[in-house]
There are 2 protein chains.
Amino acid sequence: MINQGEQVKKINKWMMDHEQELILQLQQMIQEPSVQLNESGIQKKVAQSLKNLGFKVDMWEPGGTKLTEHDAFISSRENFEGSPNVVGVLKGTGGGKSIVLNGHVDVVPEGDITDWDENPFAGSLKEGCIYGRGATDMKGGNVAMLFALQAIKSLAIPMKGDVVFHSVIEEESGGAGTLAAILKGYTADAALIPEPTNMKIFPKQQGSMWFRLLIKGKSAHGGMSYEGVNAIVKTQKVLTVLEQLEKIRNARVTDPLYSQAPIPLPINVGVIEGGGWPSSVPDLVKVEGRIGFSDEETVKEVQAEFQEAIRTLEDADDWFKQHPVDVEWYGARWLPGSIDADHAFMNILTDQFEQVIGHSPQIEAAPWGTDGGLLTAVGNIPSVVFGPGVTKMAHQANEYIEIKNVRQCAEVIAGTLIKWCNVEEEKA
Amino acid sequence: MINQGEQVKKINKWMMDHEQELILQLQQMIQEPSVQLNESGIQKKVAQSLKNLGFKVDMWEPGGTKLTEHDAFISSRENFEGSPNVVGVLKGTGGGKSIVLNGHVDVVPEGDITDWDENPFAGSLKEGCIYGRGATDMKGGNVAMLFALQAIKSLAIPMKGDVVFHSVIEEESGGAGTLAAILKGYTADAALIPEPTNMKIFPKQQGSMWFRLLIKGKSAHGGMSYEGVNAIVKTQKVLTVLEQLEKIRNARVTDPLYSQAPIPLPINVGVIEGGGWPSSVPDLVKVEGRIGFSDEETVKEVQAEFQEAIRTLEDADDWFKQHPVDVEWYGARWLPGSIDADHAFMNILTDQFEQVIGHSPQIEAAPWGTDGGLLTAVGNIPSVVFGPGVTKMAHQANEYIEIKNVRQCAEVIAGTLIKWCNVEEEKA
């Protein structure tokens, strides 16, 4: 038996020796432009990598009513033909804790190509960084996981628990890929999702969902505006209610993981649209936004509180009484994910981070949701998000990732897997 | 010489005897679908009618830098090819006051055809009303003027002053037709515009102009909304400033003509648009609206006061100081029109109204602008608006006008012309 310090060094040496392979593998992943409907190329690559690592691989196109009629199912798609999910299972020798490693292969579109300095699907290497769509979100994290597994295999380190590798589609559009994997029974004792956290550890992830409000007015000529009811003016009252609701909801948040966030669970008004003619009193305004929520509340509770806040407008204003604001829950929803702060997996991950990086990690609640929400809420798997990507570059032009972070994250993951999957390991 | 009472009766009898002609003439006008770019058909008809009445007719396509570089020129068009203006002049026998009769032939588009019960360009007759696009705005008024002139000619009533008949294009889009007529020298001692007033007399018409505001924010992920500046939230402060400005401006209005209007000079916010994604903090909101103004203030004064009000946002808010709200004056502008309340023409018009209708007219300030603004401000012609149309039906589906009102308006106009153009007429 080697002691932990020696093992960290051995893994580090292997990673340093193989850094060129890591770079090449990440570049090849970026060169697969895996936007929605175009995920099969990269999934074949991931499936092959997993097979090479000894995993038993399941590759399938999600579907069926068990998935599409599930409460947590959200998708803009009718079906997932041509967009396979991949799950690989590496059975342990027995007696150890199992883990889900979850990463999505879908990327958001490249946007305006002229905003990019390089081809977004070239995977260019510049000054220690790899550039391209998906570099940060989250092919860097995916490669870190694969590389951790390669190191463990190459160094012939024994593993008692199972490793369940989710390579999923549709994270950017509602999480149907991860939901399909969970519903197919691919679960474990804990889950790690290396989304771009700048190497912070997120034992909680904020949930969020979209709302749409329709605020009604009454049309009139602008020169006789007093004969109408201006929906834009009425909307101000609605926005005030949302501000008050945000204050009330956030005053309840006491979790120290949120102490860094001025507003732990923001309500964001993101879109407004109303009226069609400067000289007419507008009779309709549409407001769209997102409300953040914690793992301590259910979707139904959050929706009920929100709707009641909007309803209170009717108490003080006859117009709203006669013309209630329409509330619609539409489009996207991300469930909150979590793991107990003192969960054994958290302790191992934090300890490994310190061993590899040399200082304590920043541990916070994530201000955004990931597929960790589905793993927690539907799969009942304690889930933590920790990854190498540059948070602010996700979905941006000139998205990039630092190679050093990918490697270090791979080292932390490798050490964490070895400890977690060998809970009965002999003491050094 | 006949006395006034007899003359009113004679004109009334002629009008009653010829009501079928009036209906036919109005139907034929409506059957010319004179939307922008399609005005030549109706103008040929009007030109012929004026010639038949003995007018010397000038028909021309407006243009030239004297027009297009004039301060008051506003148009969405590059040129007016195929869209002729028509002006007819009927010289009097000399020694009388002259008058401009001004009516526009352009109509707004019919809109969604399925909102109409009948073909909008059929001119259907139902229960004493003629239906169709332009019936109210303002072919009914135009026919009333032509019919008044026909009565005067048929009854061989002598006229000392000149009648200058403006049949103009482009009223709905900035007034380039009337401006062109004024700049060509077609002016007079007073002007009457029979826009749809429901038979009210408007010795003042509210001016108005459009503004566009761009309110800036700072983008951020909605889950970290506190890292951004929400342009929709900032817009609330801007709207509050506009509400205050409306109060301040209207507190200054003492003219009794505005006593019927709860807000004599409204500021109307008509359009709002901002943000693009519910989960992002929006960094830009566009607000468009119109500000009403009176003939007692200049365009420049109104703009300066408005801009200063918006600027005060910078005093109390560093964000606005660093990112001032953009103010743009764009698109449409209607100058205020007016005639002194005790002007001789007003007295004659009011008197004739009482003779024909049997009671006093409602005299108010118009809540909207007409080409009377250009006649007043550029042509220096005291201008009054009085017409038969149904105000609220302008620009609507199933636009209609009551035939009785068109006829009565024609009677009032005929009597008014006879009095005004014969100021030296012998007493009965």
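From a predicted model like this one, the values you see are computed outputs, not experimental measurements.

> Lay out the overall build of chain A with the relevant residues and their values.
Of regular secondary structure, chain A possesses 13 helices and 18 strands. Once the C-alpha set of chain A is aligned to its principal axes, its extents read approximately 85 × 45 × 45 Å. Of the roughly 17,100 Å² that chain A leaves accessible, carbon and sulfur atoms contribute 48%. Put simply, chain A has 38 plus and 57 minus side-chain charges, and the middle of one group is 3 Å from the middle of the other.

> Go over the sheet that holds strand E11 (residues 267–274) of chain B with me, naming the residues and quoting the values.
Taking strand neighbours across the sheet as the criterion, the eight strands line up as E14(A)-E9(A)-E13(A)-E11(A)-E11(B)-E13(B)-E9(B)-E14(B) in an open arrangement whose pairing is antiparallel. In this open sheet, the two edge strands, each paired with only one partner strand, are strand E14 (326–334) of chain A together with strand E14 (326–334) of chain B. When the angles between neighbouring strand axes are averaged without regard to direction, this sheet yields 25°. Looking at chain direction, strand E11 (residues 267–274) of chain A and E11 of chain B are connected through three bridges and run antiparallel. Bridge pairing in E11 of chain B links Ile 272 of chain A to Gly 274 of chain B. Packing of helix H8 (residues 299–311) of chain A onto the sheet brings it into contact with strand E9 (207–216), strand E13 (284–293) and E14 of chain A, and relative to E14 of chain A it is tilted by some 150°.

> Could you give an account of the domain arrangement of chain A, naming the residues involved and the relevant values?
Residue and element names in this part refer to chain A. Under the domain assignment used here, chain A contains domain 1 (4–205 + 336–420) and domain 2 (208–334). Taken over C-alpha atoms, the centre of domain 1 sits 36 Å from the centre of domain 2. Every contact between the two is made by 14 residues of domain 1 and, on the other side, 13 residues of domain 2. Together domain 1 and domain 2 conceal approximately 1,200 Å² of surface at their shared face, both sides included; 56% is due to carbon and sulfur atoms. Among the residues domain 1 hides against domain 2, the three largest losses belong to Ile 74, Lys 204 and Pro 336. Together they make up 44% of the total. Inspection of the domain 1/domain 2 interface yields three salt bridges. A salt bridge links Glu 296 to Lys 204; its shortest N-O distance comes to 3.5 Å. Scanning the region where domain 1 abuts domain 2 turns up five residue pairs in polar contact (both at pLDDT 80 or more). The set of elements that each furnish at least two residues to the side of domain 1 that touches domain 2 consists of strand E8 (201–205) and strand E16 (363–366).

Thresholds, definitions, all that
Residues numbered from 1 in each chain as written. Chains lettered and ligands numbered in written order. Predicted model: local features only at pLDDT ≥ 70, side-chain atom pairs only at ≥ 80, totals over all residues. Heavy atoms only, no water. Helix = DSSP H or I, 4+ residues; strand = E, 2+ residues; numbered from the N terminus. Areas by Shrake-Rupley, 256 points an atom, 1.4 Å probe, with all protein chains shown as cover. Lys, Arg positive; Asp, Glu negative; His and termini not counted. Charge placed at Lys NZ, Arg CZ, Asp CG, Glu CD. Pairing = 2+ DSSP bridges. Axes fitted to C-alpha atoms, helices over the stretch in contact; angles between N-to-C directions. Contact = heavy atoms within 4.5 Å. Domains from an automatic or database assignment. Buried area = accessible area lost by both parts, 1.4 Å probe. Salt bridge = Lys/Arg side-chain N within 4 Å of Asp/Glu carboxyl O. Polar contact = N/O pair within 3.5 Å; in protein donor to acceptor, adjacent residues only side chain to side chain.

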